[in-house]
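Breakdown of the fold
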Amino acid sequence: MFGLSKLFSSKSVQKQPILTALAGYRSAAFAVGIDEKFIKSIESKNDKSILLHLTLPFAALSEMPKVAAFVSQQLNQAVTINASIELTEACKFKAIKHIVLIASGKGGVGKSTTAVNLAGALKAEGAKVGVLDADIYGPSIPMLLGLEGATPTAKNDKQLLPFDANGIKAQSIGFLVPSDDATVWRGPMASGALTQLLNETAWGELDYLIVDMPPGTGDIQLTMSQKVPASGTVIVTTPQDLALADAQKGIAMFNKVNVPVLGLIENMSHFLCSHCGKPNHVFGKDGAIKLAQRHGVPVLSQIPLAIDIREYSEQGKLIAMDNQAAVSETYADAARLIASMLYYQQPHHNSVEIVITDD
């Protein structure tokens, strides 16, 4: 993707206004604008329009129409963006670039639903994504991905093949244990099973592996946090004081094991009244914002209490991958911000080659 800095001149395209416009774009994911090194090439279309070829180092494809509209307005010229995703950092585990732990201090806050929809949103943003269900005692990924009753297959005598759900690779203890049976394991045995699932699944190349952690801050969570080379964690909570108190414990645990807390997701943040359309904060208001401010981390998204989320989940579908569903944008916003933070927390020292051509 990156090479020595070299700009080719063009009579019809002036590169500096384009670079200035891209650098001036601002959003949560592109807080410092679009860097020059993201540009692969610039094409002039008969002096009437510009086609920008971008290679993004994190998942953010859905934001490109907004970027194109902004640059077009700045240049007073039609602009189209053709973008692809290519993560440049080294793999953290096998051929996996980033492992992100989705955690909660307590159960019942919608952690698993949030985890699979974040995976779906990252997939929709152009990334290669996998999901590992680490909730040994209550695996719900098979149901949420429409894979209940699926039978695992082996790649060889040492590895299992992950399941495929709309292009998302998935693995869960729920595929190995009958759904109506109870998993009665002590902490070390459960931790060992999770480590085995992670190591003995043929994940292939992934940009992001989303790990649905068990709720709480016990032995399994500590073991997973210490053994898994995670890039960061996301804490899921609701606005209720009890959930926030447990989320605080989760933040403290990850701080102790030096896993960066990327931010909070406030699930069931509010309910939109079907009559007046106004938000009703049935579980409290701004709790996650106050907790996030206390720890200097962002609130990645405030996801409403929406019947659509429940209906999609019960059908084994991901609402985050349906861009016609209004709530899908809340997951997309969080996914882009997570991807952006993972990129910008890495050291980058790459130069770039930008090719400008006339057509």
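Rules used in this analysis
- Residues numbered from 1 in each chain as written.
- Predicted model: local features only at pLDDT ≥ 70, side-chain atom pairs only at ≥ 80, totals over all residues.
- Heavy atoms only, no water.
- Phe/Tyr/Trp six-rings, centres within 6.5 Å; stacked < 30°, edge-to-face > 60°.
- Helix = DSSP H or I, 4+ residues; strand = E, 2+ residues; numbered from the N terminus.
- Buried < 20%, exposed > 50% of the residue type's maximum accessible area, 1.4 Å probe, protein only.
- Patch = residues over 30% accessible without salt bridge, like charges linked within 9 Å, V, L, I, M, F, W, Y side chains within 5 Å.
- Areas by Shrake-Rupley, 256 points an atom, 1.4 Å probe, with all protein chains shown as cover.
- Salt bridge = Lys/Arg side-chain N within 4 Å of Asp/Glu carboxyl O.
- Axes fitted to C-alpha atoms, helices over the stretch in contact; angles between N-to-C directions.
- Parallel < 35°, antiparallel > 145°, perpendicular 65-115°, else oblique.
- Left-handed = near helix turned anticlockwise from the far one by under 90°.
- Contact = heavy atoms within 4.5 Å.
- Nonpolar A, V, L, I, M, F, W, Y, C, P; charged D, E, K, R; others polar.
- Core = buried A, V, L, I, M, F, W, Y, C linked by side-chain atoms within 4.5 Å.
- Domains from an automatic or database assignment.
- Arc of directions from axis to C-beta.
- UniProt positions renumbered as here; feature names shortened; annotations may be inferred.
- Pairing = 2+ DSSP bridges.

Moving on, we get to the packing of aromatic side chains. Taken as a whole and judged by the stated rule, the model has 8 aromatic pairs. The interplanar angle of 40 degrees and the centroid separation of 5.1 Å between the aromatic rings of phenylalanine 30 and phenylalanine 58 together place this pair among those described as tilted. Within this pair, whereas phenylalanine 30 is found in the loop between α1 (15-24) and β2 (39-45), its partner phenylalanine 58 is found in the loop between β3 (49-56) and α2 (64-75), the two being separated by 28 residues in sequence. Accessibility assignment for this pair places phenylalanine 30 and phenylalanine 58 in one class, buried. Centre to centre, the rings of phenylalanine 58 and tyrosine 343 are 5.7 Å apart; their planes meet at 35 degrees, and the pair counts as tilted. Placement of the pair is phenylalanine 58 in the loop between β3 and α2 and tyrosine 343 in helix α10 (residues 328-344), with a sequence separation of 285 residues.

Taken together, the side chains of Phe271, Val282 and Leu305 make up a nonpolar region of the molecular surface, amounting to roughly 230 Å² of accessible area. Counting through the fold element by element, leucine 305 comes out in the loop between β14 (299-302) and α9 (307-314).

Here the focus is the packing of helix α7 (residues 241-256) against helix α8 (residues 287-295). For the pair α7 and α8, the least separation of the axes is 11 Å and the interaxial angle reads 25 degrees. The pairing of α7 with α8 is recorded here as roughly parallel in orientation. Crossing angle aside, the handedness with which α7 passes α8 is right-handed. For the pair formed by α7 and α8, the contact residues are Leu244, Ala247, Gln248 and Ile251 on the first element and Gly287, Ala288, Leu291, Arg294 and His295 on the second. Counted by class, the contact of α7 with α8 contains 5 nonpolar, 3 polar and 1 charged residues.

It is worth spelling out the nonpolar core at this point. Membership of the largest hydrophobic core comes to 72 residues, with the highest contact counts inside it found for Phe30, Leu52, Leu54, Leu56, Ile81, Tyr208 and Ile210. No other element matches α10, which puts 8 residues into this core. Each of domain 1 (4-85) and domain 2 (96-344) contributes no fewer than three residues to this core. Counting residues in hydrophobic clusters, the runner-up holds 37 residues, among them Leu101, Met224, Leu291 and Ala292.

Take α1 next. Three or more residues of α1 are buried, namely Ile18, Leu19, Ala21 and Leu22. Buried residues of α1, viewed axially, fall in a sector of 160 degrees; they line one side.

The next point concerns the UniProt feature "binding site: ATP" (unreviewed entry) in the protein. UniProt records the feature "binding site: ATP" (unreviewed entry) at Gly105, Lys106, Gly107, Gly108, Val109, Gly110, Lys111 and Ser112, using the numbering of this structure. Note that valine 109 resides in the loop between β5 (96-103) and α3 (111-124). For valine 109, the residues in contact, after removing those within four places along its chain, are Ser104, Val236, Thr237, Thr238, Ala243, Asn267 and Met268. With respect to the element layout, glycine 110 can be found in the loop between β5 and α3. Those residues in contact with glycine 110 that sit more than four places away from it in its chain are Val236, Asn267 and Met268.

Here we take up the pairing of strand β8 (residues 168-172). Extensive coverage of β8 is indicated by the burial of 4 of its 5 residues. Relative to β8, strand β6 (residues 129-133) runs parallel, the two being bridged by 4 bridges. When the sheet's bridge partners are listed, aspartate 133 is paired in β8 with serine 172. Sheet topology note: the strand β7 (residues 163-165)/β8 ladder contains 3 bridges and is antiparallel. Of the residues in β8, the one forming a bridge with phenylalanine 163 is alanine 170.

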